[in-house]
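# Observations on chain architecture
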Amino acid sequence: MKKCAKLILILSAVLHIARAGEEELEALIFRLNSDVIELRNEVESSIATRCDSIRGCLKSSYDECQSAYTELQSCPSESELGIVFTVCGAGSRCNGLIDYSVSTVRIPENLAQGPDRNPTNPAVIEDVCMTLPTQRWMVKKYWEEKTFWSSLGVARPQMYFGSDTGVFRIYPARQSEECGKYDPRTRPWYQAALPSTISNAVKPRRVIIMLDTSRSMGEKLNARSEQTKLSYMKQSVIAVLNTLSPNDSIAVIRFAEIPRLVNRPSQVPPYLWEKASKATVANIIDIVNALEVNGRSNWNDAFGFAFNLINNSLESNAAIGDESYCDLENIAVLFFSDGEYNLPAGATDESVVSFVSAKVTETENMGDNHVHMFLYTLGHNDPSGVEKKISCAVDGYWKPVLQGTSPVNVTNGYQTLFSTPLGTDAFYNYTTWSNPYNFTSGRLGYTVSSLVYDRNVEPPRFEGAVGMDVSVDAAIRVFNGTLLETEDAIKRITRDITVQNYNTTCDQQRINLTKCEIQSIRHYAGGNAAVCIPEKTQTVSTTPAMLPVNATTNITVAPEVDGETDGLTDFISEEAADFFEDALNCSKAFVQPCPGYEEYPTNLWRNVEMKDLTYQDRVCCEVGTNEPSDDCPKLDEVASTKISKTAIFGILFASLVVVEIVGCYFCFYVRKQRANT
């Protein structure tokens, strides 16, 4: 009996440790959720006063590869930092420099075209400048919570913001190994921040992508470009495919004279969409990369094929699934072409618009279905073209795609539209936890993120996402379980938080915009030319003379802000704003540039002292110092033999069990000997 009692005590101790591990993991999750919402609030406050941030922005930020940090930078060991800079050593005597007093900025190389890798696009400059004030909060929060994270044995988390323009600000500051290669919009944490749905109560999004592969798509994007329309379209489409979640449904259609599903060209009717699993998306990307041009372009057959697929899928249990509790369907149709169609014979712009409008109406009348159509014209920005007319007829969105627009920015209107429900009050404090993924440091980890909005615009305009992270090793150590056990615990805890706080309904996730809100996203996606002006306002006396009216197409175009936009600038001139206010009565639908727009700072970096140095020369240091060292990684060539706390606990527990078993056997043996005697 005594032995049983001891075993029960041991098992009780194990269960107590397990419960303590779950409580500590829960505390970690709640703290990260709370902190990331605070960070989101700080960034949104900076957005609200974005014009004030331009003052003092000159030479105020640190570039990821060129800037030397402050004298407060340090060289912590792996045990202090939770990161090993492998090019510098094993993390015990040699590691990498970190500066806890400042943040650093990363910008994709295609956006850093100015001297010393400075951005030239006003929207990108604004994102660098307006996030600078959040640095003070990051530093303060980092030191305020030192005790909490130390109590869990976890390194304090990194904090960062990734903008929809591609700007990334991260704290604490550290040098990047690859310069100009990081784009937050393509990272797993950012994509996880844009969930397909909030709960199983609503179906995931359905995405239909239509690709024109007729002969004209083999022509250059424009006279200055070496890139063809087809090659550019491939890059844009692949960027979209990489944002899909496994819950989404996808169908990609190529068309010229005959439309076909790209990954199932021999499929017989009824054609259906399929789940966007990793394998499916990877297969589609391979096929899209191999597409070639041929034949003429038949838009009516292409749209007919696409909407037949949509309608067949809506009527198919296999395509729909039965996990949701309501009938709401959000269907995105992304149409890529160069505006040229040859077939059917006798087709006109008006007949094509009428055909597409009828197909949209038919699908939406089948149930609680909402078709959101995005049309991209490659190579020209003629607002009298048929794609613009279709967008105006079906409450859709048109974007002219010209030289200088980064492929990843082409579909920003699509992402913005589908993020609008999360910008409402119902989801104000919503956070998302990513699945484990590889950080740029090479570690496996999780990121908790929250979307950021400009709430001075209607609807609130998606601006990017904030994130904070924890490594998988740290989470396992806190929970004191295996990787699978820790993953299950994180999913269970975060799911409980979502269910408790966001018991969402269909209406809360319905994309049901007002006319002004639709115009706002049109302008965001495609500029002034993409806004649809009602015919009755075409002749009003308030229309300025420089706003041309095309007499044959009834298309009015407001003047654009001067300068290269790269498909990013969401600004509207004061003159155009006045016109849109008169024509549309939409006072909060558009963002005006800050005063002094033409004189934004062109040099944002505090210094470029590290310019042209190698990564090792910039980052490697001896632990305990605050400057680069030429002696690393030689000092740290011997691998650390330190045993982890988890291993020590396992050894101690196993030892106790062995001792108990040996003791029991010894007692049994002694008693048997005495009985025999």
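For the structure, see preceding data.
Every chain's residues receive numbers from 1 upward, in the order its sequence appears when written. The predicted nature of this model means local features are confined to residues of pLDDT at least 70 and side-chain atom pairs, given and counted, to a pLDDT of 80 or more, with totals for whole chains, interfaces and linings taken over all residues. Side-chain figures throughout are based on the complete set of non-hydrogen atoms in the structure, without hydrogens or water.

## Some thoughts on the packing of helix α10 (residues 299–314) against helix α12 (residues 349–364)
Packed helices, taken two at a time, are described by the angle their axes make and the gap between the axes. What counts is decided by this rule: Here the axes come from fitting lines to C-alpha atoms, over the contacting stretch only for helices, and the angles between their N-to-C directions go from 0 to 180 degrees. Helix and strand assignments follow DSSP, with helices taken as H or I runs no shorter than four residues and strands as E runs no shorter than two, numbered in order from the N terminus. Geometric relationships in this document are graded by angle, where less than 35 degrees denotes roughly parallel, more than 145 denotes roughly antiparallel, 65 to 115 denotes roughly perpendicular, and other angles denote oblique. Between two residues, a contact is recorded if the distance between any of their heavy atoms is within 4.5 Å. In this count, Pro and Cys sit with the nonpolar residues alongside Ala, Val, Leu, Ile, Met, Phe, Trp and Tyr, while Asp, Glu, Lys and Arg are called charged and the others, Gly among them, polar.
Where α10 meets α12, the axes come as close as 10 Å, and the angle between the chain directions of the two elements is 0°. Relative to α12, the element α10 is oriented roughly parallel. Between α10 and α12, the residues in contact are Trp299, Asn300, Phe303, Gly304, Phe307, Asn308, Ile310, Asn311 and Leu314 and Val352, Phe355, Val356, Lys359, Val360, Glu362 and Thr363, respectively. Residues that form the contact of α10 with α12 fall into these classes: nine nonpolar, five polar and two charged.

## Examining the state of the cysteines
Quick note on the threshold: When two cysteine sulfur atoms lie within 2.5 Å, the pair is treated as a disulfide. With a 1.4 Å probe rolled over the protein chains alone, any residue whose accessible area is under 20% of its type maximum counts as buried; one over 50% counts as exposed, and the rest are partly exposed.
Taken as a whole and judged by the stated rule, the model has six disulfides. A sulfur-sulfur separation of 1.9 Å characterises the disulfide bridge that pairs cysteine 57 with cysteine 129. Between cysteine 57 and cysteine 129 the disulfide shows an S-S torsion of about -90°. By sign, it is left-handed. Remark: cysteine 129 occurs in helix α4 (residues 122–131) and cysteine 57 occurs in the loop between α2 (50–54) and α3 (78–81); sequence separation between them is 72 residues. This pair shows no difference in class: cysteine 57 is buried, exactly as cysteine 129 is. Each sulfur in the disulfide pair cysteine 88 and cysteine 620 lies 2.1 Å from the other. Across the S-S bond linking cysteine 88 and cysteine 620, the dihedral sits near -85°, which makes this disulfide left-handed. Of this pair, cysteine 88 sits in the loop between α3 and β1 (94–96) while cysteine 620 sits in strand β18 (residues 620–622); the two residues are 532 residues apart in sequence, bridging distant segments of the chain. Of the two residues examined, cysteine 88 and cysteine 620, each falls in the buried class.

## With respect to the pairing of strand β3 (residues 159–163)
Rules: When DSSP finds at least two bridges between two strands, those strands are taken to pair.
By the criterion of burial, β3 is predominantly enclosed, with five of the five residues buried. Burial along β3 is two-sided: the residues Met159, Phe161 and Ser163 and Tyr160 and Gly162 are all buried. Note: β3 against strand β4 (residues 168–171), four bridges, orientation antiparallel. Each bridged residue has a counterpart across the sheet, and for glycine 162 the counterpart in β4 is phenylalanine 168. Where β3 folds back on β4, the antiparallel hairpin that results is connected by four residues, among which glycine 166 adopts a positive phi of roughly 110°. Pairing of β3 with strand β15 (residues 461–471) involves five bridges; the strand directions are antiparallel. Paired with serine 163 across the strands is glycine 464, a residue of β15.

## Regarding the pairing of strand β9 (residues 329–337)
So the rule is basically this: Here the term right-handed applies to a crossover when the path leading from its first strand over the helix to its second strand runs clockwise, the strands being oriented away from the viewer.
Within β9, nine of the nine residues are buried, which leaves it mostly tucked inside the rest of the structure. What you see with β9 is no split at all: Glu329, Ile331, Val333, Phe335 and Ser337 on one side and Asn330, Ala332, Leu334 and Phe336 on the other are buried throughout. Across six bridges, strand β5 (residues 206–212) lies against β9 in parallel orientation. Across the sheet, the residue bridging to arginine 206 is isoleucine 331, located in β9. Inspection of the sheet shows β9 paired to strand β10 (residues 369–378) by nine bridges, in the parallel sense. Among the inter-strand pairings, phenylalanine 336 is bridged to a residue of β10, identified as tyrosine 376. A crossover connection joins β9 to the parallel β10 through α12; in handedness this β-α-β unit is right-handed.

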